[in-house]
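Architecture and fold: a report
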Amino acid sequence: CGSGSLAQLEKGVAFSAGLERQDLRVDVGTSPAGFAVVNFVGGLLYRGDLGPLSYSVDASRRPVTSSLLSHSGTTDPNTGRTWGGVVATGVRLGLAADSGGEYGAWGSLGLHRLGGRNVLDNDRAQLMAGGYRRLINEEDRQLTVGVTGMHWRHSENAGEFTFGHGGYYSPGKYSSLALPVTYGLRTARTSFAVRASVSVAWSELERAPYFPTDPGLQAQAVALAPVNGIDPWYPASDEGRSYGRALGAALEHQLLPGLFV
């Protein structure tokens, strides 16, 4: 390559406008102008009720902000070719049941096509659901325990950084199960909340070519493999199980009318 290592920094200004009322939100705009790849983005979110259930429909086109490559795109200094700037276009459906009582539940299904400039198109499905119980459910104090599960699928592994990849996490399969606990209380001038959870996850990555959108480049890489000893395929991996934990807290106090810390 002859360029050595490259420190990359991208700056830009995003423009957007929106309108919101009680049951509808609409917005339209751009990813940051000044990036290597600029996209039009926006969405429409509608919320409604079906008897004791509430639902939402969210149709959108949003930037994937996982990395510099996925968010802004980048240009190869040797060839001048640009790739990246990934957007997710699709719909998410949500359903929830919570009347403020002891139990509640929710679920959502998202279906999106992910693509960018010179980036392999990818289909993503995300199913998430959870339930919870309020062990303490008072006006100024709450203790909630719950369970949350999710399952993702991607049609392609486009998560690497060579030409044609998008630089975002795209496992063929990803599943997780979490057990969150939340406690909150408030007085006339102070409110406090703490949330903790433990989780377990399983994931699988599919085998992927170095250059998924350029068969000519991939063929060159395959031909060079016996010479340079580099296998031009990212290997598949079954990462098995992983474990996680999280802890967060928030505190707010009113010093004066209209002044909070």
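Computed from a predicted model, the values in this text were never measured in an experiment.

On to the pattern of salt bridges, then. One pass over the structure, following the stated rule, counts nine salt bridges. Among the salt bridges present, the one from Asp23 reaches Arg21, with a minimum N-O distance of 2.8 Å. For Asp23, a relative accessible area of 22% translates into the label partly exposed. Residue classification places Arg21 among the exposed residues on the basis of a relative accessible area of 54%. With its nearest N and O atoms 2.8 Å apart, the salt bridge here joins Asp140 to Arg186. With Asp140 in the loop between strand E8 (122-138) and strand E9 (141-154) and Arg186 in strand E10 (residues 173-186), the pair connects residues that are 46 residues apart, well separated along the chain. The class for Asp140 is partly exposed, based on a relative accessible area of 39%. Through salt bridges with shared partners, a single network forms among Arg113, Asp121 and Asp123.

Attention shifts here to a negative patch on the surface. Together, Glu156, Glu204, Glu206, Asp238 and Glu239 make up a region of like negative charge exposed at the surface. Among the structural elements, Glu239 can be located in strand E14 (residues 237-256). You can call Glu239 partly exposed: its relative accessible area is 43%.

Of all residues in the chain, 98% attain a pLDDT of 70 or more, and the chain-wide mean is 95. Of all helices and strands in the chain, the one with the weakest mean pLDDT is E14 (93), whereas strand E6 (residues 82-97) scores best (98).

In the sheet, strand E11 (residues 190-205) pairs with E14 via 16 bridges, with the strands oriented antiparallel. Each bridged residue has a counterpart across the sheet, and for Ala196 the counterpart in E14 is Leu247. Pairing of E14 with strand E15 (residues 259-260) involves two bridges; the strand directions are antiparallel. Its bridge partner being in E15, Leu256 is matched across the sheet by Leu259. In textbook terms, the turn of a hairpin is the stretch between consecutive antiparallel strands, and for E14 and E15 this stretch comprises two residues, one of which, Gly258, has a positive phi near 85 degrees.

A few words on the packing of aromatic side chains. Scanning all chains against the criterion turns up six aromatic pairs. An angle of 45 degrees between the planes, with centres 6.3 Å apart, marks the rings of Tyr46 and Tyr55 as tilted. Feature note: the residues Trp152, Tyr169 and Tyr174 constitute an aromatic cluster, connected by ring pairs. When the ring centre of Trp233 is taken as origin, the NZ or CZ atom of Arg207, which lies over that ring, is 4.0 Å away.

Reading the values: rules and limits
- Residues numbered from 1 in each chain as written.
- Predicted model: local features only at pLDDT ≥ 70, side-chain atom pairs only at ≥ 80, totals over all residues.
- Heavy atoms only, no water.
- Salt bridge = Lys/Arg side-chain N within 4 Å of Asp/Glu carboxyl O.
- Buried < 20%, exposed > 50% of the residue type's maximum accessible area, 1.4 Å probe, protein only.
- Helix = DSSP H or I, 4+ residues; strand = E, 2+ residues; numbered from the N terminus.
- Patch = residues over 30% accessible without salt bridge, like charges linked within 9 Å, V, L, I, M, F, W, Y side chains within 5 Å.
- Areas by Shrake-Rupley, 256 points an atom, 1.4 Å probe, with all protein chains shown as cover.
- Lys, Arg positive; Asp, Glu negative; His and termini not counted.
- Charge placed at Lys NZ, Arg CZ, Asp CG, Glu CD.
- pLDDT = per-residue confidence, 0-100.
- Pairing = 2+ DSSP bridges.
- Phe/Tyr/Trp six-rings, centres within 6.5 Å; stacked < 30°, edge-to-face > 60°.
- Lys NZ or Arg CZ within 6 Å of the ring centre and 35° of its normal.

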